[in-house]
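Breakdown of the fold
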Amino acid sequence: MSRTLVTLVAAGCLAASAAAISGQTPQRPDFTGVWTSYTEPGAARGGGPGRGGGPPLPMTDEAQKKVAAYRALIGTSGDTPGGHCLGTGMPGSMLGSGGYPMEIVQRPEQINITYEAHNEVRRVYLGDRIVPMADRVPGRNGHSSARWEGDTLIVETTHLVEQVEQRYAHSDQARIVERYRLTTDKNGTKVLVAEMTLTDPVFYTKPVTDTKRWAYVPNGHLLPYECAEEGWRIHLEELEKKTKESK
Amino acid sequence: MKHLWSVLGAAALALTLSATAGAHHSAVQYDFGKSATITGVVVKFQAINPHMRLTLRVTDDKGTRDVELEGHSTNNMYRAGYRDGLIKVGDKITVNVAPLRNGTEGGYMVAAVTANGGRFGVQTAAERAREREKAEGK
């Protein structure tokens with residue numbers, strides 16, 4: 001071992017010991033803030049493979065049949081869950097949530113990610129806040145826990161429900177691992193890189209990966225996204241009509 | 001406002017189509033490669049999600065009729081300059097739309113010129129192409 005290496009190791013141990021003695025947690029990157037879809041300097045906006053784009057996915061026969069049946073049902077209508085006020089769900093939410101911004105609020109034991117579209121919220125628990133597997137409630141965004149590996153946040157999501165309409169359709173056995181880290185581009189823009197690996201023995205023969213980049217929005221704000229008002233208004237109109245007819 | 005157009009143009013259009021399009025009337029029935037303008041008097045306007053709704057009373061040499069339109073989400077339009085109260089019933093406005101593919105009157109509102117001449121919205125691919133051609137001196 002070279003003298004330089006010995007010196008570095010010793011310094012690292014000393015720093016770790018000092019942190020342990022003082023009771024401080026290691027300094028972590030702070031992802032808090034509003035983020036929007038990142039575009040490389042000079043690149044066209046709104047890129048990405050989108051629905052149906054990109055190379056063929058390594059789907060099992062069962063998955064291919066389910067997705068084909070779904071697409072046949074939708075036909076040329078172009079219907080989407082979002083068009084009916086249903087949230088994007090994972091992994092669509094972490095891969096862009098329809099192009100709307102997201103907001104991260106970070107505490108050491110919990111990170112909340114709010115996607116503007118449909119006011120979708122993911123709560124990511126760390127350490128003692130992590131919920132036991134048996135107590136988790138399945139949903140379109142599943143249940144997420146996380147840990148740090150140096151400056152990278154590793155988020156694991158389980159308890160997803162089957163979603164055949166996703167760009168990466170998956171079963172309820174899917175498990176998604178996201179790796180979040182901060183970088184800065186050549187223009188000085190703070191960029192949050194989110195690498196995703198989806199494993200699903202029911203829908204895929206091998207893991208599926210994708211990467212999403214988010215650009216920091218200085219002093220950004222999310223807007224409220226109410227979507228069900230029209231459905232409620234129509235319901236009230238029908239109720240009024242029925243009431244009048246019954247008199 | 002022009003700044004908003006340039007910043008939000010393609011991105012807002014792409015994002016609206018990518019996930020929250022679909023809607024009550026799906027965006028696939030609109031041709032976003034084309035653009036058209038419709039002028040009329042506002043009969044009904046709803047700044048809602050996932051898509052704005054607008055009914056315009058149009059009068060021209062074909063007569064007078066009500067034209068139903070939908071458009072980008074209120075959130076996307078807000079980021080493209082829309083603010084509460086900019087469109088009111090009775091206003092005469094002009095909207096820029098991606099027309100229906102089947103040729104029926106109507107379309108998907110991507111931008112509007114309000115009664116007082118204010119403007120909000122994003123550009124269609126056809127408009128961006130025209131601007132590009134203009135900039136290139138074609």
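Residues numbered from 1 in each chain as written. Chains lettered and ligands numbered in written order. Predicted model: local features only at pLDDT ≥ 70, side-chain atom pairs only at ≥ 80, totals over all residues.

Details of the overall build of chain A
A tally of regular secondary structure across chain A gives 3 helices and 9 strands. Counting all 247 residues of chain A, 26% fall into the buried class. Within chain A, contacts between residues at least 6 apart in sequence are counted, and of these 54% link residues at least 24 apart. (Helix = DSSP H or I, 4+ residues; strand = E, 2+ residues; numbered from the N terminus. Buried ≥ 20, exposed ≤ 12 C-beta atoms within 10 Å, placed from the backbone. Contact = placed C-beta atoms within 7 Å.)

A closer look at unusual backbone geometry
Residues and elements named next belong to chain A. Of note, the amide linkage connecting methionine 90 to proline 91 takes the cis form, showing an omega dihedral of 5 degrees. Along the chain, proline 91 falls in the loop between helix H2 (61–74) and strand S2 (102–106). Residue serine 97 is not a glycine yet carries a positive backbone phi of 50 degrees. Here serine 97 lies in the loop between H2 and S2. Assessed through the 27 C-beta atoms surrounding it within 10 Å, serine 97 is described here as buried.

As for the pairing of strand S1 (residues 36–46) of chain B
All names here are of chain B. Examined bridge by bridge, S1 and strand S4 (residues 92–99) share 6 bridges and lie antiparallel to one another. Bridge pairing in S4 links alanine 36 to valine 97. For S1 and strand S2 (residues 53–60), the ladder comprises 5 bridges, and the chain directions are antiparallel. Paired with valine 41 across the strands is arginine 57, a residue of S2. Hairpin connection of S1 to S2: 6 residues between the antiparallel strands. (Pairing = 2+ DSSP bridges.)

Remarks on the environment of tyrosine 108 of chain B
Residue and element names in this part refer to chain B. Structurally, tyrosine 108 is set in strand S5 (residues 107–113). Looking at tyrosine 108, the number of C-beta atoms within 10 Å reads 28, which means it is buried. Along the backbone, tyrosine 108 and glutamate 70 are 38 residues apart, and their C-alpha atoms lie at a distance of 5.1 Å. Residues contacting tyrosine 108, with those up to four places away along its chain left out, are Ala27, Tyr30, Glu70, Gly71, Val97 and Ala98.

Comments concerning the environment of glycine 85 of chain B
Residue and element names in this part refer to chain B. Turning to its location among the elements, glycine 85 is positioned in the loop between helix H2 (74–79) and S4. For glycine 85, a count of 8 C-beta atoms within 10 Å puts it in the exposed group. Along the primary structure glycine 85 and alanine 47 are separated by 38 residues, whereas in three dimensions their C-alpha atoms are 9.7 Å apart.

As for the sheet that holds strand S5 (residues 143–149) of chain A
Residue and element names in this part refer to chain A. Pairing within the closed barrel is mixed, and its 9 strands lie in the order S1-S2-S3-S4-S5-S6-S7-S8-S9. Taking each pair of neighbouring strands and ignoring which way they run, the sheet shows an average axis angle of 30 degrees. Where strand S1 (residues 33–37) lies against S2, 3 bridges are found, and the strand directions are antiparallel. Note on S2: the bridge partner recorded for glycine 33 is isoleucine 104. (Axes fitted to C-alpha atoms, helices over the stretch in contact; angles between N-to-C directions.)

A few points about the nonpolar core
All names here are of chain A. Judged by nonpolar contacts, the single largest core of 31 residues is most densely connected at Tyr180, Leu192, Ala194, Met196 and Leu198. Residue assignment for this core shows that the elements contributing at least two residues are strand S3 (110–115), strand S6 (152–158), strand S7 (175–184), strand S8 (190–199) and strand S9 (208–217). For this core, the element with the highest residue contribution is S8, accounting for 4 residues. In this structure leucine 198 touches Pro91, Tyr168, His170, Ala174, Ile176, Pro207 and Val208, once residues within four positions along its chain are discounted. (Core = buried A, V, L, I, M, F, W, Y, C linked by C-beta atoms within 7 Å.)

Remarks on the confidence of the model for chain A
Residue and element names in this part refer to chain A. Summary statistics for chain A give a mean pLDDT of 89 and a share of 85% for residues scoring 70 or more. Counted against residues more than four places away or in other chains, residues 4–9, with its pLDDT under 50, gives 1 contact. Of the regions scoring below 50 in pLDDT, residues 47–51 engages in 3 contacts with residues more than four places distant in sequence or in other chains. (pLDDT = per-residue confidence, 0-100.)

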